[in-house]
Structures are given as structure tokens and as C-alpha cells.
Amino acid sequence: MNLEVHDVSAGYGAGDVLHQVSLDVHEREIVVMLGANGAGKTTLMRAISGAIGRRGKILLDGVDISRAGADEIVRRGLAQVPQGRGTFVDLTVEENLRVGALSRRDPAGVKSDIDRWFSTYPRLAERRRVKAGLLSGGEQQMLAVSRAMMSRPRLLLCDEPSLGLSPKLVGELFASLEAINKEWDMGMLIVEQNAAIALSIATRGYLLEVGSITRSGDAAQLSDSDAVRAAYLGY
Amino acid sequence: MELELFATRLVQGVVNGAIYGFLALALVCTYRGSKAINLAQGEMAMLCTFFAFTLTNHGVPVVLAIGGGVLFGAALGGVVERTLIRPLGRDAEYPVLIVCIGLFLGINALAGVIWGGDPLAFPAVVPDAPDDYIGILGARLRYQQLVIIGALALTVTALYAVFRFTRLGLAMRATASNPDSAVLVGVRVSRMNSLGWVLACAVGAILGPLIAPSTTLSTALFFTFIIYGVAAATLGGFDSPIGAVVAGLIIGVTENLVASYVGFIGDSLKMTVALVILLVVLMVKPTGLFGTREVERV
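Cut-offs used in this document
- Residues numbered from 1 in each chain as written.
- Chains lettered and ligands numbered in written order.
- Predicted model: local features only at pLDDT ≥ 70, side-chain atom pairs only at ≥ 80, totals over all residues.
- Heavy atoms only, no water.
- Pairing = 2+ DSSP bridges.
- Helix = DSSP H or I, 4+ residues; strand = E, 2+ residues; numbered from the N terminus.
- Contact = heavy atoms within 4.5 Å.
- Axes fitted to C-alpha atoms, helices over the stretch in contact; angles between N-to-C directions.
- Buried < 20%, exposed > 50% of the residue type's maximum accessible area, 1.4 Å probe, protein only.
- Parallel < 35°, antiparallel > 145°, perpendicular 65-115°, else oblique.
- Left-handed = near helix turned anticlockwise from the far one by under 90°.
- Nonpolar A, V, L, I, M, F, W, Y, C, P; charged D, E, K, R; others polar.
- Phe/Tyr/Trp six-rings, centres within 6.5 Å; stacked < 30°, edge-to-face > 60°.
- Lys NZ or Arg CZ within 6 Å of the ring centre and 35° of its normal.

Structural notes on the sheet that holds strand β4 (residues 55–60) of chain A
Residue and element names in this part refer to chain A.
Phase 1 of the analysis: Taken together, 4 strands build an open sheet; the order of strands is β2-β1-β4-β5 and the sheet is antiparallel. Strand pairing shows two members of the sheet lacking a second neighbour, β2 (15–25) and β5 (63–64), which therefore form its edges.
Phase 2 of the analysis: Note that strand β1 (residues 3–12) and β4 share 5 bridges and pair antiparallel. In the strand pairing of β4, Val5 is matched with Ile58.
Phase 3 of the analysis: On the sheet, helix α1 (residues 41–48) packs against β1, β2 and β4 and is oriented at approximately 115° with respect to β1.

A look at the pairing of strand β6 (residues 78–81) of chain A
Look at any regular strand and the pattern is simple: side chains alternate between the two faces of the sheet.
All names here are of chain A.
Phase 1 of the analysis: The two faces of β6 match: Leu78 and Gln80 on one face and Ala79 and Val81 on the other face are all buried.
Phase 2 of the analysis: As judged from the 4 bridges shared by β6 and strand β7 (residues 155–159), these two strands associate in the parallel manner. Counterpart to Gln80 in the pairing with β7 is Leu157.

Some details on the packing of helix α1 (residues 2–34) of chain B against helix α5 (residues 143–165) of chain B
Between two packed helices, both the angle of their axes relative to each other and the distance between the axes serve to describe the pair.
All names here are of chain B.
Phase 1 of the analysis: Axis separation between α1 and α5 bottoms out at 10 Å; the angle between their running directions is 30°. Between α1 and α5, the interaxial angle falls into the category roughly parallel. For the element pair α1 and α5, the recorded crossing hand is left-handed. Along its contact with α1, which presents Gln12, Val14, Val15, Ala18, Ile19, Gly21, Phe22, Leu25, Cys29 and Arg32, the element α5 presents Gln145, Ile148, Ile149, Ala151, Leu152, Thr155, Val156, Leu159 and Phe163.
Phase 2 of the analysis: Here the residues of the contact of α1 with α5 sort into 14 nonpolar, 4 polar and 1 charged.

Thoughts on the packing of aromatic side chains
Describing an aromatic ring pair means giving the distance of the ring centres and the angle of the ring planes.
Phase 1 of the analysis: Across all of its chains, the model carries 11 aromatic pairs over all chains by this definition.
Phase 2 of the analysis: Ring geometry for Trp117(A) versus Tyr121(A): centroids 6.2 Å apart, planes at 20°, classification stacked.
Phase 3 of the analysis: Here Tyr121(A) falls in the buried class, since its relative accessible area comes to 9%.
Phase 4 of the analysis: Arranged with centres 4.3 Å apart and planes meeting at 5°, the rings of Phe51(B) and Phe72(B) form a pair that is stacked. Separated by 21 residues along the polypeptide, Phe51(B) in helix α2 (residues 41–57) and Phe72(B) in helix α3 (residues 62–85) bring together distant segments of the chain.
Phase 5 of the analysis: Residue Phe72(B) is classed as partly exposed on the basis of its relative accessible area of 25%.
Phase 6 of the analysis: Taken together through their ring pairs, the aromatic side chains of Tyr20(B), Phe222(B), Phe225(B) and Tyr228(B) make up a single cluster.
Phase 7 of the analysis: Geometry around Phe163(B) places Arg32(B) over its ring, the cationic atom sitting 4.4 Å from the centre.

Shown next, in the form of C-alpha cells:
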């Protein structure tokens, strides 16, 4: 699924946080959006998924979704792994997965997808009847990814998935995202501060600074650029 | 004789407790939908009862009139949420509280203007003559009281089933648990909030007409009940339908037994008993008896 974002501005109340941001994610491609705290990464994610109002044009496979509500955008095949994991803490692990599939109308398919994610992440299967708030950070991140996948999306937005995870878990998580990208032929837009690991699985990337895109290019190009190296790679 | 007295007080406690639990159930529905505590819940139920009363006055059979009142209540809940609550935005606890107090006063005054201040006789749904009762160990459980208990059992079972086993219920629980995240999986959060109010007011509209035959119908119908209802909902933990009902029964039974067996309390300090139970439970277990503790590892 193709995502095109043209000149999108968005914010909360008084002023804009995003200023005419444009980007695109092609079919099956992993694109990373680098940016520091407060650059507007989460606002961009929320603008694309329709959780907040926005101006400009957003196209999903050529269809303009810039005025569509969040529910319609989910049904069109876009899912989001929100920042902080968005766990439904007082629902069980299994119920969290079922919530992820609320936009679907095929109970049998939902059931087999739940089993599929339980076999991908056996740790979640063991704890299927446990309240999701009791899971560890890493388990909640697995849950967030599988919950987003339960809507059978064709494009996945991930908002700082590495936040609060140990280096080992971050490695596992990104390996898992890469596997999903291959197995499901699915495009991904990953917002990250952990540039090294994000660039290692991405094909292209953008740099978001104070609400505007200041740089874009191939993952390799970006890793070599001085600005990215100084700010995000630390060498 | 001793046993008969005890049984009488127990039955009275259970009946009162059922009423408290019923009202608490309505409060829980609103809370689950939008984390609001609707202090005007009793007044909205009172308005529905007057509506049903007017229907019976026009020759509508009482059961159908109650059904009409429930539909009226559902509509009322939806309209109130859409016009008065939703515009306040999210995380507007205090503004919602103030609006509910305003609603309380406004609805009470409105009902007074339309139907007057004199108590009205509301027809019972079952025969309600002095000898229409079942004897339990010498205590009398009136048919109408039995109807209240039965209606409560049905309502709480139905609500439990909806919350537990349907997609809609799952969506409502997800909304209550994490509205931001619910938006992102495609749940229409504002619709879920409305639905909480619709359900709550429908539940209240079942209760009002069932208690009105014994209390008589006036604008003061829910004045004391709402205090007990809030107490029961708090004791039950505010997000558990079954907790609300059990807490209502605990309060009803305890206050009746204590009031009759502890000499200095009597009828005049009865409500204090309920509030003391509440205070003690909240000190020991702040989430109420059945509330979900905020479980979160960080």
C-alpha cells in the first residue's frame, strides 16, 4: 500500500507543530522518520492515522484520506503501534488482540490470527488471560505490534517502538518488524530516535526537525550524513 | 417472633439494597462510557418515571408505559451527552460534575413545573393490595418488591453479558481503558461515550417506575436514593456492574440490621451507617470491593 503525504500541517489548539510535511512510503518499503524529542514525530503519526485534525493531503493508494476519521482509515488498511505501546491495561492479553480486530467482520479469521500471533510470540500465549497492564515492557511491545497487526493492515505506522526497552529487546523487536515486513509484504513507517537500528532495517529515511522535514534519502546516505551522525548516531 | 423480626429487617434490607444497586448500576454505565459520575442520574430517572406516568394517564398499560419511559430515557441520555457533556471535551471531570449538578437542579425544577409538587400515585405492575406478598419466615416480600429484585437480576445479567461477550461491549471496555489507543484501532470513541449515557438512563428508567408505587411519585423520588446509589457504586468500585449490585445489597442489609439492633442509631442515623461502611472500605481498599486496581508495570 502506498502512502503519500503532501504539505500536511497539524497541531493542538494554538499553533501548528507540523509545518507542511511531505513524505511517501511505497509498497513493501520500510521508511524511518528520525527526529528528536518535540520534533513533531508523534503529531505526524496522529495526523496520518486521523486521530487529530490536519490540513494538506494524505493519500492511501491514491485515495484522499485527509478528511477521513480514524475508524475509516483503519478499515482502509492502516494500523498504528502507538508511542508508549497503547496497552489496554485492564483488558486481558487476548482481549487486547480482539480489540485490535474490532474493525474486522470475520470471526473465524480473527481467531486464527490470534493463534498465529500467539505462536509468533509464545510469551503472550502463556499470559493470554493475564491483564495486559501486568506484562513487562518488552511483552507489551510485542502485544502492541500484534494488536496492530490484528486489523490485517497493509501499512504499519510504528511510533518510537524502542522507547523504554533494553538494547537486547530493541534488537529483537526490530528483527521482528523486519520479519513482518518480509512475511506480510507490508510497508512500514517507523518513527525513531534510535537511528542506528532503525536505519539498519530501513530502505529510506527522513529527518524531522522542529516540525519540518530537513533531510531525506536512502538509509545509507542518511547514515553517512554529518547532521544525522552528529545528532543521532553519536560519532 | 425474634426470627420473624430479623427476617423482616433482612428482607427490607435486601429490597432497599436492590434499589441502591440498581441506581449504582446506572452510574457504572455512565462511568464506563466516559469516566463521568452523573449526579443527575436520579433526576433523569425521575423524569422518565413522570413520562411513563403521563402515558398511563392516557390509558397506556403500565408495562408498556414503562417501556416508553425506557425509550424516552435512552433518548434523553443520548441528547444530554451530545449537547451538554461532549462539548466539554475530554478530561473534563470538574466541568462535567458542575454540568451534572446543573442538570440535577434543572430537571428537578422542570418536572416540578410540568407535573406540580404534589405526590402522585403510580400504578404497580403486579397486584399490590395489602395481602399480595410471599411470606419468608414470617417476613413479607411484596410482589412489587419481587419485581424490583427480578428486574435488577435481569438487567445486571444483560449488562454483564453485553460487556463481556459482545464486540460492542469489548469496544466500550477498550474505550474506558485507553481512549487514545481505542481511536487508533478504529473504535468510535465518542459513540461509545454516548452509549454509556444511553444505557445508564435506560437502566434508571426501569428502576423509577418500579419504586414509585410504594414511595409515590414526586420530584423528590430519588433524593435519598442517589446518595445511596453513589455510595454503592463507590463501594463496588465504579467500573463493575456486579460490584455495584453486591455493594448495594451490602449497604442495604447492613444499614437495616444496624438501625434495628443498635439502639442509639435507629432510623434517624441510618444513612450514617451506609456512609461509615463506605469510609471504612475506602480506607482499607481505595478501589472499592470490585474495582479494577490500576495494574501497570513501569
